[in-house]
Amino acid sequence: MAEVELLELLQNHVEESSTLEWSGTLKEYVQMVIENPKLHKNAHQRVLEMIESHGVEEDEDGNITAYKFFENDLFGIDVPIEHIMSYLRAAAAGSEVGRRILLLFGPTSSGKSQLAILLKRGMEEYSRTEEGAVYSLVGTPMNEDPLTAIPKNIRQTFKDRYGIAINGELSPLMSHILKDEYDGDFLQLPVKRTIISERNRTCIGTFVPSDKKSQDISELVGSLDLSTIGTYGAESDPRAYRFDGELNVANRGIMEFVEMLKVDQKFLYVLLTLAQEKNIKTGRFPLIYADEFVLAHTNETEYNRFLAKDEMEALHDRTIVIKVPYNLQVEEEIKIYEKLIGQANFVERDIAPHTLRCAAMLAVLSRLKTSGNQSLTLLKKMRLYNGEEVEGFTSAEAGKFKKEFPREGMSGISPRYVINRISSELANGKDFITPIDIIRSLRDGFESNPKINRQESERLESLLTLIIEEYNKMARNDVQKAFFVNFEQEIGNLLKNYLEQVEAYLDNVPLEDAWGNPAEPDERLMRSVEEKIQISESGKTSFRQEIYRKMLRSLKDSGEYRYQDHPHLREALEKQLFDERQDIIRLTVSSRNPDAEELKRINGVVAVLCEKHGYSAHSANQLLRYVSSLMARN
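These numbers were taken from a predicted model, which means no experiment stands behind them. (Residues numbered from 1 in each chain as written. Predicted model: local features only at pLDDT ≥ 70, side-chain atom pairs only at ≥ 80, totals over all residues. Heavy atoms only, no water.)

Quick look at the overall build of the chain
Here is step 1 of the chain: For the chain, the count of helices and strands is 27 helices and 18 strands.
Here is step 2 of the chain: Relative to a compact globule of 634 residues, whose C-alpha radius of gyration would be 26 Å, the chain shows 32 Å and is clearly more extended.
Here is step 3 of the chain: A principal-axis box enclosing the C-alpha atoms of the chain has dimensions of 105 × 65 × 55 Å.
Here is step 4 of the chain: Across the 634 residues in the chain, those meeting the buried criterion constitute 48%. (Helix = DSSP H or I, 4+ residues; strand = E, 2+ residues; numbered from the N terminus. Rg over C-alpha atoms; globule rule 2.2 N^0.38 Å. Buried < 20%, exposed > 50% of the residue type's maximum accessible area, 1.4 Å probe, protein only.)

Regarding the environment of R524
Here is step 1 of the chain: By secondary structure assignment, the location of R524 is in helix 22 (residues 523-530).
Here is step 2 of the chain: Taking relative accessible area as the criterion, R524 reaches 73% and is therefore assigned exposed.
Here is step 3 of the chain: Separated by 302 residues in sequence, R524 and G222 have C-alpha atoms that sit 84 Å apart.

Focus on the packing of helix 21 (residues 487-507) against helix 23 (residues 540-558)
Here is step 1 of the chain: Two elements in contact, helix 21 and helix 23, have axes separated by 10 Å at closest approach and are oriented at 115°. One element, helix 21, and the other, helix 23, form an angle in the roughly perpendicular class. Both helix 21 and helix 23 take part in a crossing whose hand is left-handed. Seen from helix 21, the contacting residues are Y498, L499, V502, E503, Y505, L506 and D507; seen from helix 23, they are K540, T541, F543, R544, Q545, I547, Y548 and M551.
Here is step 2 of the chain: The residue inventory of the contact of helix 21 with helix 23, partitioned by class, reads 9 nonpolar, 2 polar and 4 charged. (Axes fitted to C-alpha atoms, helices over the stretch in contact; angles between N-to-C directions. Parallel < 35°, antiparallel > 145°, perpendicular 65-115°, else oblique. Left-handed = near helix turned anticlockwise from the far one by under 90°. Contact = heavy atoms within 4.5 Å. Nonpolar A, V, L, I, M, F, W, Y, C, P; charged D, E, K, R; others polar.)

What about the sheet that holds strand 6 (residues 190-194)?
Here is step 1 of the chain: Overall, antiparallel pairing links the 3 strands, which are arranged 1-6-5 in an open sheet. In the strand order of this sheet, the two ends are held by strand 1 (23-25) and strand 5 (134-137), each with one partner. The average undirected angle you get between the axes of adjacent strands in this sheet is 35°.
Here is step 2 of the chain: Sheet topology note: the strand 5/strand 6 ladder contains 4 bridges and is antiparallel. Paired with Y135 across the bridge in strand 6 is R193.
Here is step 3 of the chain: Helix 2 (residues 26-35) rests against strand 1, strand 5 and strand 6 of the sheet, and its axis sits at about 100° to strand 1. (Pairing = 2+ DSSP bridges.)

What to know about the packing of helix 14 (residues 330-343) against helix 15 (residues 355-367)
Here is step 1 of the chain: In the contact formed by helix 14 and helix 15, the axes pass within 9 Å of each other and the chain directions differ by 125°. In terms of their interaxial angle, helix 14 and helix 15 are classed as oblique. Between helix 14 and helix 15 the crossing geometry is right-handed. Of the residues in helix 15, those touching helix 14 at V330, E331, E333, I334, Y337, E338 and I341 are L356, R357, A359, A360, M361, A363, V364 and R367.

Overview of the layout of surface pockets
One water molecule sets the probe size; rolling that probe over the atoms shows where empty space is left.
Here is step 1 of the chain: Here the largest pocket defines a volume of roughly 1800 Å³.
Here is step 2 of the chain: R383, E388, E470, P567 and R570 are the residues nearest the centre of the largest pocket, which is lined by 47 residues in total.
Here is step 3 of the chain: When contributions to the lining of the largest pocket are tallied by element, the ones reaching two or more residues are helix 14, helix 15, helix 16 (378-385), helix 20 (454-482), helix 23, helix 24 (567-580) and helix 25 (582-590). (1 Å grid on protein atoms, 1.4 Å probe; cavity = no way out; pocket = protein on both sides within 12 Å on 5 of 7 lines; lining within 4 Å. Points joined across faces, edges and corners; volume = space filled by probe spheres on them.)

Some details on a negative patch on the surface
Here is step 1 of the chain: Among the surface-exposed residues, E58, D59, E60 and D61 lie close enough to one another that they form a single negatively charged patch.
Here is step 2 of the chain: Counting through the fold element by element, D61 comes out in the loop between strand 2 (56-58) and strand 3 (64-67). (Patch = residues over 30% accessible without salt bridge, like charges linked within 9 Å, V, L, I, M, F, W, Y side chains within 5 Å. Areas by Shrake-Rupley, 256 points an atom, 1.4 Å probe, with all protein chains shown as cover. Salt bridge = Lys/Arg side-chain N within 4 Å of Asp/Glu carboxyl O. Lys, Arg positive; Asp, Glu negative; His and termini not counted. Charge placed at Lys NZ, Arg CZ, Asp CG, Glu CD.)

Section: the sheet that holds strand 4 (residues 101-105)
Here is step 1 of the chain: The strand order across the open sheet built from 5 strands is 7-10-13-4-14, with neighbouring strands paired in parallel fashion. Of all strands in the sheet, those bounded by a partner on one side alone are strand 7 (204-207) and strand 14 (319-323). On average, adjacent strands in this sheet sit at an angle of 20° to one another, irrespective of strand direction.

Notes on the environment of K335
Here is step 1 of the chain: Mapped onto the secondary structure, K335 falls in helix 14.
Here is step 2 of the chain: Along the primary structure K335 and L356 are separated by 21 residues, whereas in three dimensions their C-alpha atoms are 9.2 Å apart.

What to know about the pattern of salt bridges
Here is step 1 of the chain: Tallied over the entire structure, the rule returns 36 salt bridges.
Here is step 2 of the chain: Residue E523 pairs with K540 through a salt bridge whose shortest N-O separation is 2.7 Å. Of the two residues, E523 sits in helix 22 while K540 sits in helix 23, which places them 17 residues apart along the sequence.
Here is step 3 of the chain: The class for E523 is partly exposed, based on a relative accessible area of 26%.
Here is step 4 of the chain: With relative accessibility at 11%, the residue K540 sits in the buried group.
Here is step 5 of the chain: R527 is the partner of E537 in a salt bridge, and the nearest nitrogen-oxygen pair spans 3.3 Å. Remark: R527 occurs in helix 22 and E537 occurs in the loop between helix 22 and helix 23; sequence separation between them is 10 residues.
Here is step 6 of the chain: Here E537 falls in the partly exposed class, since its relative accessible area comes to 49%.
Here is step 7 of the chain: Linked through salt bridges whose partners overlap, the residues forming this network are E523, R527, E530, E531, E537, K540 and R544.

Have a look at this one:
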């Protein structure tokens, strides 16, 4: 049955591809454009519309907050993406920005190459849709826009009547074909639908620099076909030229320039002409018009060298630079690892809860700078950037702290290093891996990484110490929660009781006891909770006022107040519940020879860890052993 479905899928693909074929004359194509002016797009417009066709997310004011095209592949680089989109919007409008090279620079594995690949694959798919259809003149290796054959003296009429602006002109080869084969009758030029394809070198060019001594400019701009010169009689005959350089084939699409600043300067001068005039200059030929989105990327070292070269000033002025740092959000970093693990073909392994989080915390902490605000520790900064509530700071302050260090995120551990260590653990044959496994693996890899010197290794070791402390808290918390039949309900009841007492205290009104008699707010309960987080007697009223204000605000915004909405209060409530059962938890997990009752309780805890917290039986039992060792030390 599955084989039949697969064959049907393949057959449907063949039939769909055949429906994408279209051919006709320029006269027929012009009629199509008049009826649907959106067929005519410049290269930047096509890329912009492709991205937006996947959908966007907006806030209450209608401002775009995210582009769905990137959401499953790029994580934690929303700011660079918005800068790129601003560039594309300006370029798509036909402004001078379209004559600029877009250069991404940042550390390795920050997402620059992945972004370029995404755009290229997106363009390939988009060209197969009705909205993204591309039509080209037949016989041109540059996939030329059919409307460039229309004489300049009647283009203004096109713009006035139909709002269609025609830019550029035919290549030397198409000009020769028009004159020689069609006697100048441009309306008879054949047109076909074109499917964008990097593999077929259609509207996508990719240039990767090689050794400077062996680099050949023909890779960019094409070259003479010496075998045909005898046939055509002159080197300047366009039929004797191969218009097969990367800049030629990228016309009307995307040109990716990998490590752009590592090439010989003569290559950059070609790009300068392209950026200035949207033209490619080759020997013995006039300027060749090219409309393409030039997307280059490089590392920070090469970029700084480029800036220092005064002779490159003209190119500096025609380059729009966007910094792409490492992601600084733990949740987004976890998504990177989940995506990369999902792409691999590992035999199924159980990854215990918090394993990827511990790895992500090390990566993010390694990229952060210590703030001048001594109250903002690295851990607090990590949480603040991650969108969590941090006592003493507001979410709005995250932006301010990001401006404190312009280079924050430009150094530190790369996702590539982390995924290498995770992959080595997943491939070692164990049935499951835990946070302890990944922390050890990350530490073991320091020596084998050439970018981690002794000083950096010591810094990372100190960060791992912080992460181990954080994991110990998470491990204890999971085990303690698992001892409750319904933890959420019990802590919810405690929260409700506490808030009722706080409200009565602040309003100075009595409550009713079980007999309906007036009773004073339960000060003992409130102080028992508050003392868990070192709220002093003198500070209790202001703390209660803060809690009550947050409660009222949450009730107004969402209709409920959850204990997670206030991290400090959450910590207090959890400690209150855990302390009430501390002795039974300690005795159960620490027992070397559990009796029948203790064994039943342990099995119940393991079941809760598996059902509610994502553990497997193996990793849950190891967690209990680990927490037991922690309790034995305290």
